[in-house]
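Results of the structural survey
Here's the letter readout for the chains.
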Amino acid sequence: MKNLFLLAAVLLVGCSQPDVERANHAGNFSKIVLLDVQGLWGGRDLWLSSNGTGMCRVVGQPDDKAIPGPQEKRYKVAISPTEVGALRSVLGHWDFSAIESSSRSGIPDEARPRIYLDDGNKVNVAYRWKGDIKKGDAFQAIYVALKKVVETATKENPVHSGPLDWKWYPEGFPKTDMVRSMEGKKN
């Protein structure tokens, strides 16, 4: 029921835009990636295909101080067609390629979430320092929608637990280093 309410709210927001403008931003994606793990504090990463399947991981510091370094838990993602539609509605409300990334230097230990979007024709990456994410803007809206996908996936049992492997990524998705190297480039 909560997801249906979210979908209805997203659709209402999406319908407030003129049809001509909205037609330019259909919300299509073949792959979308959220990279949101900061080495000290942890976070979450998400790799999602247009059919609603993918992987995510949640990273944090272990409770047991005898275990060194950040630990990760990986989860399979399988969201419903309704949830994919809700995500498409959020994406369709904004022109992803027009999102401005942060231009300032970061504060020490500040997180910098990155969103990679492949719409089947072009690929773009947007990123923001955590302190630059503003409520109600395109980046924040998409970021929140992707975090909700992770929250849904983490209700299931993890398929892997162990030390953080920075280089890991699921097959069929871009390497993390490639996504980071695209920061600020528009294709």
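Coordinates for the structure precede this section.
Residues numbered from 1 in each chain as written. Predicted model: local features only at pLDDT ≥ 70, side-chain atom pairs only at ≥ 80, totals over all residues. Heavy atoms only, no water.

1. Brief notes about the nonpolar core
This is how it is decided: Nine residue types can take part in a nonpolar core, namely buried Ala, Val, Leu, Ile, Met, Phe, Trp, Tyr and Cys, and a core is a set of them joined through side-chain atoms within 4.5 Å. Burial status follows relative accessibility: with a 1.4 Å probe on protein chains alone, a residue under 20% of its type maximum counts as buried, one over 50% as exposed, and anything between as partly exposed. For the purposes of this entry, the term helix denotes a DSSP run of H or I that reaches at least four residues, the term strand denotes a run of E that reaches at least two, and both are numbered from the N terminus. Whether two residues are in contact is decided by their heavy atoms: any pair within 4.5 Å suffices.
In this structure, Leu46 and Ile115 are the most contacted members of the largest nonpolar core, which totals 29 residues. Of all the elements in the fold, those that place two or more residues in this core are strand S1 (31-38), strand S2 (42-49), strand S4 (71-78), helix H3 (81-92), strand S5 (114-118) and helix H4 (138-153). By residue number, the principal contributor to this core is H4, which donates 10 residues. Non-local contacts of Leu46, meaning those with residues more than four positions away in its chain, are made with Ile32, Val33, Leu34, Met55, Cys56, Val77, Leu146, Val149 and Val150.

2. Side note on the environment of Gln38
Take Gln38: it is sitting in strand S1. Note on Gln38: relative accessible area 11%, which makes it buried. In this structure the C-alpha to C-alpha distance between Gln38 and Ala111, which are 73 residues apart in sequence, comes to 5.3 Å. Among all residues touching Gln38, those that are not within four sequence positions of it are Asp109, Glu110, Ala111 and Trp166.

3. Side note on the sheet that holds S2
Paired through their backbone hydrogen bonds, the strands of a sheet run either parallel or antiparallel. Defined as follows: Strand pairing requires that DSSP identify at least two bridges connecting the strands. To obtain an axis, a line is fitted to C-alpha atoms, over the contacting stretch when the element is a helix, and the angle between two such axes runs from 0 to 180 degrees between their N-to-C directions.
Across the sheet, 7 strands lie side by side as S6-S5-S1-S2-S3-S4-S7; this open sheet has antiparallel pairing. Lying at the two open borders of the sheet, with one neighbouring strand each, are strand S6 (123-127) and strand S7 (160-163). Between one strand axis and the next, the sheet turns by 15° as a mean value, whatever way the strands run. The pairing of S1 with S5 spans 5 bridges and is antiparallel. From the neighbouring strand, Val33 faces S5, where its bridge partner is Tyr116.

4. Examining unusual backbone geometry
With phi around 70°, Asp109 is a residue other than glycine that occupies positive phi space. Examined against the element boundaries, Asp109 turns out to sit in the loop between H3 and S5. For Asp109, a relative accessible area of 45% translates into the label partly exposed.

5. Side note on the pattern of salt bridges
Side-chain pairing between opposite charges can occur once the charged atoms of the two side chains come close. To be explicit about the condition: When a carboxyl oxygen of Asp or Glu is within 4 Å of a side-chain nitrogen of Lys or Arg, the pair counts as a salt bridge.
Under the criterion given, the structure shown has 7 salt bridges. For the salt bridge of Arg104 with Asp132, the shortest nitrogen-to-oxygen distance reads 3.0 Å. In this pair, Arg104 is assigned in the loop between H3 and S5 and Asp132 in the loop between S6 and H4, connecting sequence segments 28 residues apart. You can call Arg104 partly exposed: its relative accessible area is 30%.

6. So, empty space enclosed by the protein
Sizing a probe to match a water molecule and rolling it over the atoms shows the empty space that remains. Note the threshold: Cavities and pockets were defined on a 1 Å grid built from protein atoms only: a cavity is a group of points that admits a 1.4 Å probe but offers it no way out, a pocket is an open group of points flanked by protein on both sides within 12 Å along at least five of seven lines, and a lining residue is one with an atom within 4 Å of any such point. Grid points are joined across faces, edges and corners, and a volume is the space filled by probe spheres set on the points. For this scheme, ten residues count as nonpolar: Ala, Val, Leu, Ile, Met, Phe, Trp, Tyr, Cys and Pro. Four count as charged, namely Asp, Glu, Lys and Arg, and the remainder, Gly too, count as polar.
Scanning the entire structure with this criterion turns up 1 cavity of 30 Å³ or more. In this model, the largest cavity occupies a volume close to 40 Å³. Leu35, Asp36, Val37, Asp45, Arg57, Arg114, Trp166, Thr176 and Arg180 are the residues that line the largest cavity. Put simply, the parts of the chain that give the lining of the largest cavity at least two residues each are S1 and helix H5 (176-181). Of the residues belonging to the lining of the largest cavity, the class tally is 3 nonpolar, 1 polar and 5 charged.

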